[in-house]
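Fold and contact review
In case you want the letters, here they are:
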Amino acid sequence: MVEPELGARKIAVLHAVVEEYVRGGEPVGSETIAERSGLGVSAATIRNEMAALEELGYLMHPHTSAGRIPTDAGYRKYVDTLPPGGRLRDAQRRAIAGFFAETMVDLEEVLRGTTQLLSRVTQYAGLAVPPSGSDEPVLRTELVEVGNSLLFLIIGQHGRVDKMMIDRPDGLEDDALAMLDRTLSDRFRGKTVADARAEALKAAPTAKPAERTLFLAAADAFGGIQTGAGAHLVLIGGVANLADEAAHWRRETVRRLFEALEHESEMLELLRDVTLQQDVNVTIGGEHPHTRDWEASIVSAPFRAGTTALGTVGVVGPTAMDYVTVMASVRAVARRLSELATEVDA
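None of these values were measured; they are calculated from a predicted model.

**Considerations on the sheet that holds strand E6 (residues 161-167)**
The 3 strands are arranged E4-E5-E6 in an open sheet whose pairing can be described as antiparallel. Both outer strands of the open sheet, strand E4 (138-146) and E6, are each paired with one neighbouring strand and no more. Neighbour-to-neighbour, the strand axes of the sheet open up by a mean angle of 20 degrees, direction not taken into account. The pairing of E4 with strand E5 (residues 149-156) spans 8 bridges and is antiparallel. Its bridge partner lying in E5, Thr 141 is registered against Ile 154. Strands in contact with helix H7 (residues 174-188) are E4 and E5; relative to E4, the strand with the most contacts, it is inclined by about 160 degrees.

Written out as structure tokens, the structure is:
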């Protein structure tokens, strides 16, 4: 079916209805649009345009209300006819700039903070999918003394940091520890996690006792990253914001979405399905089986190190979403994450 072309006035009326409904949560009447939209036409003219939009499938009458609300197709037309590159408000711009001005090395820590940042600036729930640890080359490793133990750090090329506590081998002096620290880092640098684990297991049998202990511990640490990498996780922040959107959701719908957020697998599957290589991706209601069940929309964007896609950030909320704010926020955060990951990668 070929989608009908809408004239400028119908587009303006649709935009006004969407924005009024998102703001107030109540069906929107022609008188309200005439009073608040500044379109400069009568309520009767707007009523005719709204009737035409309803006939085209962009608006609907809920129950017996005199007002109308957008359909999923209406939200899609709204998003597709927004001006390109929506702008952030000053408060949102300052919040994002302030967050990324802080010095953080661990990319997963940055992403956890990013979900809270997105939830604050959009008032919905923020999402992030970190890079897979098994795909990330090792930048370096470090052995850090912690009392009578050693903290083994694995720093990935894109900023991921994995940690493991190990027992300090008996009789290992400080000079020998420093030499071993350099040896391990040199052997693992630039290798994938799988190759680094294989290198540690290969070196262990012929190493001295203290070295053997550390090579085997390193192999365990790399193996742990491999095991965890198969179970990608979705980081989520600001879930409580979704409960505040009760005006746009039925209770059963909210329950299903909360269950999906708790179990993660559906959200991860959705983000993999809808996050393409383009700038910002918007999935609305019935456009995907999961968002249809949740009566939700997802706005997501990939972040990269150079040209290499690493992960995803996004926002989930009701279909009656402030798309302008959310799209601008997700775009800005993904861009900042890409800059940060590219700097770490350099």
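Picking up after the structure, the text goes on.
**Topic: the confidence of the model for the chain**
Within the chain, residue pLDDT values average 85, and 89% of them lie at 70 or more. When mean pLDDT is taken per element in the chain, helix H4 (residues 72-80) scores highest with 95 and helix H11 (residues 251-263) scores lowest with 71.

**Details of the packing of helix H1 (residues 8-24) against H4**
The contact between H1 and H4 brings their axes to 10 Å, and the two run at 110 degrees. The orientation of H1 with respect to H4, classified from their angle, is roughly perpendicular. Pair H1 / H4 crosses with left-handed handedness. Counting all contacts with H1, which are made through Ile 11, Leu 14, His 15, Val 18, Glu 19 and Tyr 21, the residues of H4 involved are Gly 74, Tyr 75, Lys 77 and Tyr 78. Considering only residue class, the contact of H1 with H4 consists of 6 nonpolar, 2 polar and 2 charged.

Rules used throughout
Residues numbered from 1 in each chain as written. Predicted model: local features only at pLDDT ≥ 70, side-chain atom pairs only at ≥ 80, totals over all residues. Heavy atoms only, no water. Pairing = 2+ DSSP bridges. Helix = DSSP H or I, 4+ residues; strand = E, 2+ residues; numbered from the N terminus. Axes fitted to C-alpha atoms, helices over the stretch in contact; angles between N-to-C directions. Contact = heavy atoms within 4.5 Å. pLDDT = per-residue confidence, 0-100. Parallel < 35°, antiparallel > 145°, perpendicular 65-115°, else oblique. Left-handed = near helix turned anticlockwise from the far one by under 90°. Nonpolar A, V, L, I, M, F, W, Y, C, P; charged D, E, K, R; others polar.

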